[in-house]
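Here are the chains, one letter per residue:
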Amino acid sequence: AECTSGASACSVVLAANSCQCWFSSPTHDLLFIPAAHRIAIEQNAALVPVLSLGENLQLKMVNLPSLQAATYRRIGFPVPFVLSGRWLFTPFPRKTPLVYVIGKPLQPPGHTPGQHVESVAVDELHKQYYESLVDLFERYKHLHPDFKDAKIVLTDA
């Protein structure tokens, strides 16, 4: 990601990646957060937390978390990968309500382009981002009928 229109006009919108659905369940929303915090700092771009509640209910997966996590780490893809969608084993998503929540932009610490980004700065922005996601989830989960009692699990897997 590169900011070409000036730092004040750029944001990095960071949403969970597609492997979220492989390990999520109706009882919790498991978010895998890509390592884009360093890019936000390098580009002096605001980081915007975004949650989509309900995506994990659209497609069901065969649930073998230990095996799928291990194969995901080794080959970048969970095995077995069997989707169950709207009409049994199809990739068409079920009709479920979706709630999108967009948080306030998080401003990264100042950075001089071309210089090394300190891991302390990355860790601090990472912490702020996680705290923002948890706050958004807890404040807005009641808007989705299936998430009233849900828990959020954050991981760097």
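Residues numbered from 1 in each chain as written. Predicted model: local features only at pLDDT ≥ 70, side-chain atom pairs only at ≥ 80, totals over all residues. Heavy atoms only, no water.

Some words on the overall build of the chain
Let me state the cut-off plainly: The secondary structure listing takes helices from DSSP runs of H or I that are at least 4 residues long and strands from runs of E that are at least 2 residues long, numbered from the N terminus. Here's how the labels work: a residue is buried when its accessible area is under 20% of the maximum for its type, exposed when over 50%, partly exposed in between, all with a 1.4 Å probe on protein chains only. Throughout, a contact is declared for two residues whenever any of their heavy atoms are within 4.5 Å. All accessible areas in this document rest on Shrake-Rupley with a 1.4 Å probe, and a residue is counted as covered only by the protein chains that are shown.
A tally of helices and strands in the chain yields 4 helices and 7 strands. Starting at the N terminus and walking to the C terminus, you meet the elements of the chain as β-α-β-α-β-β-α-β-β-α-β. Out of the 157 residues belonging to the chain, those deemed buried represent 40%. The long-range fraction of contacts in the chain, counting pairs at least 24 apart against all pairs at least 6 apart in sequence, stands at 70%. Carbon and sulfur atoms provide 58% of the accessible area of the chain, an area that totals close to 9100 Å².

Notes on the environment of Gln 58
When you line up the elements, Gln 58 lands in the loop between strand S3 (46-53) and strand S4 (60-61). On the basis of relative accessibility, which here comes to 17%, the residue Gln 58 falls in the buried class. As a C-alpha pair, Gln 58 and Lys 95 span 37 residues in sequence and 6.8 Å in three-dimensional space.

A closer look at the pairing of strand S6 (residues 99-102)
We count it as follows: Strands were regarded as paired on the criterion that DSSP finds at least two bridges between them.
Of the two faces of S6, the one lined by Val 99 and Val 101 is fully buried and the one lined by Tyr 100 and Ile 102 carries no buried residue. Bridge analysis of S3 against S6 gives 4 bridges, and the strand direction is antiparallel. Looking at S6, one finds that Ser 52 is bridged to Tyr 100.

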